[in-house]
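# Structural overview
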Amino acid sequence: MTIEFDHNELLEFFQSIAEHQPDRNRIVFICIGTDRSTGDSFGPLVGTLLHERGWPRIIGTLAEPCDAHTVSQALASIVESDTVIAVDACLGHPKSIGSFIAAARALQPGKAIGRQLPSVGHYSIAGVVNMNGPKAYWKLQTTSLHLVMQMAGKVAVAAEKAWSQPGARAISEDDETIKPSIPY
């Protein structure tokens with residue numbers, strides 16, 4: 001089921017994931033996009049903000065984006081027991097700009113610009129950064145950076161709050177040390 005959320009409902013979405021997987025070390029965020037396009041930088045901005053907040057397993061940041069050329073490689077580094085949350089930008093209806101589409105299923109990156117990439121994630125969040133229409137690539141290029149930064153901040157804050165609730169753990173019970181991060 002896909003639900004369009006405003007930023008307030010993101011917390012509830014993340015809390016439902018945290019109930020199933022309270023251990024932050026078993027959460028992998030795959031933040032898809034590039035730092036070379038304002039609209040498509042949504043994923044890497046989210047990844048960067050999560051990394052700055054101490055999330056240990058982030059793939060896709062502004063420094064090292066997970067784009068169309070590296071998404072398959074990123075998927076190969078995932079362990080089957082990990083819970084993967086995919087984050088990407090998308091285009092939508094004009095009234096939906098600034099909202100989020102969250103689902104308990106994989107995300108299909110690159111769809112708006114006609115790319116055939118593998119599905120990513122157990123859960124997904126797509127940020128509606130601009131309106132859909134002809135010349136999707138141009139729409140992503142001319143998206144407001146201010147809007148994208150605000151949206152990325154809302155995702156990072158909601159994730160942080162969800163896993164800081166009672167029941168969420170920083171380290172799993174069978175871990176003696178903190179696991180190393182996936183390189184970002």
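As a reminder, the structure under discussion sits directly above these lines.
What counts and how
Residues numbered from 1 in each chain as written. Predicted model: local features only at pLDDT ≥ 70, side-chain atom pairs only at ≥ 80, totals over all residues. Heavy atoms only, no water. Buried < 20%, exposed > 50% of the residue type's maximum accessible area, 1.4 Å probe, protein only. Helix = DSSP H or I, 4+ residues; strand = E, 2+ residues; numbered from the N terminus. Pairing = 2+ DSSP bridges. Salt bridge = Lys/Arg side-chain N within 4 Å of Asp/Glu carboxyl O. Core = buried A, V, L, I, M, F, W, Y, C linked by side-chain atoms within 4.5 Å. Contact = heavy atoms within 4.5 Å. Axes fitted to C-alpha atoms, helices over the stretch in contact; angles between N-to-C directions. Parallel < 35°, antiparallel > 145°, perpendicular 65-115°, else oblique. Left-handed = near helix turned anticlockwise from the far one by under 90°. Nonpolar A, V, L, I, M, F, W, Y, C, P; charged D, E, K, R; others polar. Polar contact = N/O pair within 3.5 Å; in protein donor to acceptor, adjacent residues only side chain to side chain.

On to the pairing of strand β6 (residues 123–131), then. Across the 9 residues that make up β6, a large majority, 8, are buried. Summarising the sheet, strand β4 (residues 83–92) and β6 pair through 8 bridges and their orientation is parallel. Directly across from Cys90, in β6, lies its bridge partner Val128. Here strand β5 (residues 100–103) pairs with β6 via 4 bridges, running antiparallel.

Two side chains with opposite charge may pair up if their charged atoms get near one another. For the coordinates displayed, the defined rule picks out 3 salt bridges. Here Glu160 makes a salt bridge to Arg24, at a shortest N to O gap of 3.3 Å. Of this pair, Glu160 sits in helix α5 (residues 145–163) while Arg24 is found in the loop between α1 (7–20) and β2 (27–31), placing the two residues 136 residues apart along the sequence. Comparing Glu160 with Arg24 shows no difference in burial state: the two are buried. A salt bridge links Asp82 to Arg57; the nearest nitrogen and oxygen atoms lie 2.8 Å apart. Of this pair, Asp82 sits in the loop between α3 (71–76) and β4 while Arg57 sits in the loop between α2 (42–52) and β3 (58–59); the two residues are 25 residues apart in sequence, bridging distant segments of the chain. Taken individually, Asp82 and Arg57 each receive the classification buried, so the pair is uniform in this respect.

To continue, consider the nonpolar core. Generally speaking, nonpolar side chains in soluble globular proteins are found buried as a group. Phe14, Phe29, Phe42 and Trp163 are the most contacted members of the largest nonpolar core, which has 34 residues in total. Taken together, the elements giving at least two residues each to this core come down to α1, β2, α2, β4, β5, β6, α4 (136–141) and α5. Residue contributions to this core peak at 9 residues, all from α5. Non-local contacts of Phe29, meaning those with residues more than four positions away in its chain, are made with Phe14, Leu50, Trp55, Arg57, Ile58, Ile59, Ile85, Val87 and Ala159. Judged by nonpolar contacts, the second largest core, of 16 residues, contains Cys66, Ala86, Cys90 and Leu117.

So, about the environment of Ser16. Inspection of the secondary structure assignment puts Ser16 in helix α1. On a C-alpha basis, the gap between Ser16 and Ala104 in space is 9.9 Å, while along the polypeptide they are 88 residues apart.

The interhelical angle for the contact between α2 and α5, taken along N-to-C directions, is 45°, at an axis separation of 9 Å. Relative to α5, the element α2 is oriented oblique. When you trace α2 past α5, the crossing you get is right-handed. Residues Phe42, Leu45, Val46, Leu49 and Leu50 of α2 touch α5, and the partners they reach there are Leu145, Val148, Met149, Met151, Ala152, Gly153, Val155, Ala156 and Ala159. Within the contact of α2 with α5, the residues separate by chemical class into 13 nonpolar, 1 polar and no charged.

Turning to the environment of Thr143, a few remarks are in order. Within the secondary structure, Thr143 is located in the loop between α4 and α5. Measuring from C-alpha to C-alpha, the distance between Thr143 and Asp40 comes to 8.6 Å, with 103 residues separating the pair along the chain. Once residues lying within four places of it in the same chain are set aside, the contact partners of Thr143 are Thr38, Gly39, Val129, Asn130 and Val148. A polar contact is formed between the side chain of Thr143 and the side chain of Asn130, at a distance of 3.1 Å. Of the polar contacts made by the side chain of Thr143, one reaches the backbone oxygen of Lys139; its length is 2.7 Å.

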